[in-house]
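Structural features, examined
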Amino acid sequence: MKRTYFPGITDIVVVTDPAEIRTISNDSRFDREFIGHGPVRNVQLLRKMLRIFSLNGRRFPPMLPRTSPGRAAAQDELWAKLHREADAVKSGPAKLEPLAEWVRGIGTAEQIDLLVQQSIGRLFVETFTATEESLAAAHMVLEAASSSNVLKMLWWRISGSLERAKTLLGSMVNGELAGAIAMITGRQLIVDGLHKMRELAADPALRSSITTDAAVNECLFSPVTVVRQATTSGEVGGCPFRKGSLFMLGLRSASKGAANRDLVFLSQSWSRCPAEKWVPALLEGVWTRVSATSHE
Ligand code: HEM
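Residues numbered from 1 in each chain as written. Predicted model: local features only at pLDDT ≥ 70, side-chain atom pairs only at ≥ 80, totals over all residues. Heavy atoms only, no water.

1. Comments concerning the pattern of salt bridges
Under the defined criterion, the tally for this structure stands at 11 salt bridges. One salt bridge connects Glu97 with Arg289, and the closest N-O pair in it is separated by 2.7 Å. Placement of the pair is Glu97 in helix α4 (residues 97-103) and Arg289 in helix α13 (residues 278-292), with a sequence separation of 192 residues. Its salt-bridge partner being Glu218, residue Lys196 comes within 4.0 Å of it at the nearest N-O pair. Taken together, the residues Lys196 in helix α9 (residues 177-201) and Glu218 in helix α11 (residues 212-218) connect sequence positions 22 residues apart. Judged by relative accessible area, Lys196 falls into the partly exposed class, the value being 23%. (Salt bridge = Lys/Arg side-chain N within 4 Å of Asp/Glu carboxyl O. Helix = DSSP H or I, 4+ residues; strand = E, 2+ residues; numbered from the N terminus. Buried < 20%, exposed > 50% of the residue type's maximum accessible area, 1.4 Å probe, protein only.)

See the structure below:
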């Protein structure tokens, strides 16, 4: 791990080693309390993250501290529900046909984005229909999290566009913030996966030779990083840290090897993703339909 530390200015540790990521994600000295004092850069980063990933003062679930009241119970409940859904989509039921058709090469990038957002929305509200507005709202929040265009971001803030975008998404899933965040970040990861799947499907030799598990694996993308903050001072893996130090866990690169695929959803951590079964099952279902038509 690599720490950048200038007292009062910045204190950020980048962690890329898979074993160290597992250690930190399970060590109770690192959490998501996200206290807003400390070095200037840390405070700036946290304020921005929390402003973007909360709605009306409520943080989106992936921003909540481990012991936040109700967090773990909600996570377990959603995990159980998505586990049941996973069984229902794994075999490639007819409702996945629009996704499969797109993977076979028919349709635009916007169409798959809408379809994926709709599939996620329907986990929360059966009649959910994704619209151009709901898609634009999700893209706006995602862009706000990564953009360095200060003027544009300032305008989105003062005009209230960003709050309106999140309010729209929240209202479409009855205020369930897990649904809103999934339509923003989870959607993008699944869409990226289906673009990859379209590439695989476009190669006839590959399409008929690759195993389903291998195809699904190729199409699973983890978040690039997740963030933890030290709740106390100490040392980890030879790296000293102070209360408030930020740890950037580089999941995207660390999860690449076959032995580290648990990091895609942080499956061995208290913060494991409730969709860890559903997402691979959805990809499997879509691939099953696509590969079944490969000899036509
Ligand atoms: C490819 C798709 C997805 C990937 C790779 C992914 C990955 C992750 C990861 C790594 C975390 C842990 C964050 C942390 O430790 O700070 C997480 C948390 C979470 N994810 Fe996902 N996710 C995906 C899609 C989804 C979807 C579709 C849903 C909901 C339907 C969802 C709901 C959540 C929730 C609610 C949490 C917070 C859990 C908690 O700490 O209480 N995710 N996800």
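2. What about the pairing of strand β1 (residues 2-6)?
In terms of strand pairing, β1 meets strand β2 (residues 10-15) through 5 bridges, oriented antiparallel. Bridge pairing links Phe6 to Thr10 in β2. What sits between β1 and β2 in their antiparallel hairpin is a turn of 3 residues, with Gly8 showing a positive phi close to 80 degrees. (Pairing = 2+ DSSP bridges.)

3. A few points about the site of the ligand
If you check the shell around the ligand, you find 28 residues, and the closest are Arg32, Arg71, Arg228, Ser271 and Cys273. The contact in question runs from an oxygen atom of the ligand to an N or O atom on the side chain of Arg32, over 2.7 Å. Going through the elements one at a time, α3 (71-89), α5 (109-124), α9, β6 (226-230) and α13 are the ones with two or more residues in the shell around the ligand. Per element, the largest residue contribution to the shell around the ligand is 5 residues, and it comes from α9. Classifying every residue of the shell around the ligand gives 21 nonpolar, 4 polar and 3 charged. (Near = heavy atom within 4 Å. Polar contact = N/O pair within 3.5 Å; in protein donor to acceptor, adjacent residues only side chain to side chain. Nonpolar A, V, L, I, M, F, W, Y, C, P; charged D, E, K, R; others polar.)

4. Focus: helix α2 (residues 40-52)
Counted at 1.5 Å a residue, the expected span for α2 with its 13 residues is 18 Å, and the 18 Å between its end C-alpha atoms agrees. For α2, the set of buried residues is Asn42, Val43, Leu46, Met49, Leu50 and Ile52. (Expected span 1.5 Å × (residues − 1).)

5. A short note on the packing of aromatic side chains
Applying the stated criterion to the full structure yields 4 aromatic pairs. Their ring planes at 85 degrees and their centres at 5.7 Å tell us that Phe241 and Phe247 sit as a pair that is edge-to-face. With respect to class, Phe241 is no different from Phe247; both count as buried. An aromatic cluster of three or more residues is present, and its members are Phe30, Phe241 and Phe247. Stacked on the ring of Phe124, the Lys or Arg Lys81 has its end atom at 5.2 Å from the ring centre. The lysine or arginine in question, Arg198, covers the ring of Trp102, its NZ or CZ lying 3.9 Å from the ring centre. (Phe/Tyr/Trp six-rings, centres within 6.5 Å; stacked < 30°, edge-to-face > 60°. Lys NZ or Arg CZ within 6 Å of the ring centre and 35° of its normal.)

6. Quick look at the nonpolar core
In terms of nonpolar packing, the biggest core is built from 70 residues, with Leu194, Trp278 and Val286 touching the most fellow members. Residue contributions to this core peak at 12 residues, all from α9. Filtering out sequence-adjacent residues up to four positions away, Val286 remains in contact with Leu96, Leu99, Ala100, Val103, Leu194 and Met197. Grouped together as the second largest cluster of nonpolar side chains are 16 residues, Ala230, Cys239, Leu251 and Leu266 included. (Core = buried A, V, L, I, M, F, W, Y, C linked by side-chain atoms within 4.5 Å. Contact = heavy atoms within 4.5 Å.)

7. Let's talk about the pairing of β6
Within β6, 5 of the 5 residues are buried, leaving the element largely enclosed by the surrounding structure. Side-chain alternation along β6 places Val226, Arg228 and Ala230 on one buried face and Val227 and Gln229 on a second face that is also buried. Where strand β3 (residues 30-31) and β6 come together, 2 bridges link them in antiparallel fashion. Note that in β6 the partner of Phe30 across the bridge is Ala230.

It is worth stressing that arrangement in space is one thing and function is another; only the former is reported here.
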